[in-house]
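Coordinates in review
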Amino acid sequence: QCVKTQGFEYENKNYCLNLDKIIIIISVQKSNYGIDDYYINYGFYVKDIHKNNFNCAKITECDIRGRFYDETDGKGDLFSLGALSSSEFEEIINFNIRKVIVPVMENGIEEYFKKFPNAFCAAKLSLKEYLEPAKERRT
């Protein structure tokens with residue numbers, strides 16, 4: 001429900017938001033470490049790089065990916081749903097949406113790397129090349 005209020009739609013087992021220049025994908029991944037343990041992955045798919053495929057891509061096809069993070073329980077990116085109330089879980093999801101997703105929705109993919117510069121090393125080569133002219137303009 002948290003992502004649906006931001007305009008995401010459920011498609012191909014993912015939550016997708018198809019904007020003018022980017023597709024944002026949020027997916028839930030079951031962990032092998034526990035019965036009620038999950039990861040919440042996100043990815044950004046930059047349309048200018050992929051000229052003709054604007055459908056809800058698979059999370060593995062995204063140009064950069066990451067995981068939502070829970071700073072409250074010390075488990076990091078692993079969510080134990082049995083240990084969280086629905087309001088706690090909703091609060092964590094909304095925090096991550098505000099911190100990670102909304103800045104990209106409002107200001108583009110460049111904003112992600114302003115907030116998380118170390119993530120640049122995890123970006124696909126095509127995204128790094130796409131961002132190079134913008135990086136040169138900033139220096």
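Counting of residues starts from 1 at the beginning of each chain's written sequence and follows it residue by residue. Selection of residues for local features in this predicted model requires a pLDDT of at least 70, selection of side-chain atom pairs for listing and counting requires 80 or more, and totals for whole chains, interfaces and linings are taken over all residues. Side-chain numbers come from the whole structure's heavy atoms, not from hydrogens or water.

Regarding the pairing of strand E5 (residues 64-67)
Convention followed: Categorising residues by exposure relies on relative accessible area from a 1.4 Å probe, with only protein chains included: less than 20% of the type maximum marks a residue as buried, more than 50% marks it as exposed, and the intermediate range marks it as partly exposed. Numbered from the N terminus, helices here are DSSP runs of H or I no shorter than four residues, and strands are runs of E no shorter than two. Think of it this way: DSSP has to see at least two bridges between two strands before they count as a pair.
Every second residue of E5 is oriented toward a common face, the buried set being Ile64 and Gly66 and the non-buried set Arg65 and Arg67. Where strand E4 (residues 37-46) and E5 come together, four bridges link them in antiparallel fashion. If you follow Asn41 over to E5, its bridge partner there is Arg67.

Here's the deal with the packing of aromatic side chains
Going by this rule: Only Phe, Tyr and Trp rings are paired, with Trp represented by its six-membered ring, and only when their centres lie within 6.5 Å; those with planes under 30 degrees apart are stacked, over 60 edge-to-face, the remainder tilted. Only when the NZ of Lys or the CZ of Arg is both within 6 Å of the ring centre and within 35 degrees of the ring normal is a charge said to sit over the ring.
In the structure shown here, the tally under the stated rule is nine aromatic pairs. On the numbers, 5.9 Å between centres and 80° between planes, the contact of Phe79 with Phe89 is edge-to-face. Placement of the pair is Phe79 in strand E6 (residues 79-80) and Phe89 in helix H1 (residues 86-107), with a sequence separation of 10 residues. Judged by relative accessible area, which is 1%, Phe79 ranks as buried. Exposure remark for Phe89: the relative accessible area of 26% places this residue in the partly exposed category. Three or more aromatic residues link up through ring pairs in this structure, and these residues are Tyr42, Phe44, Phe68, Tyr112, Phe113, Phe116 and Phe120. Just above the ring of Tyr39 sits the side chain of Arg67; from NZ or CZ to the centre is 3.7 Å.

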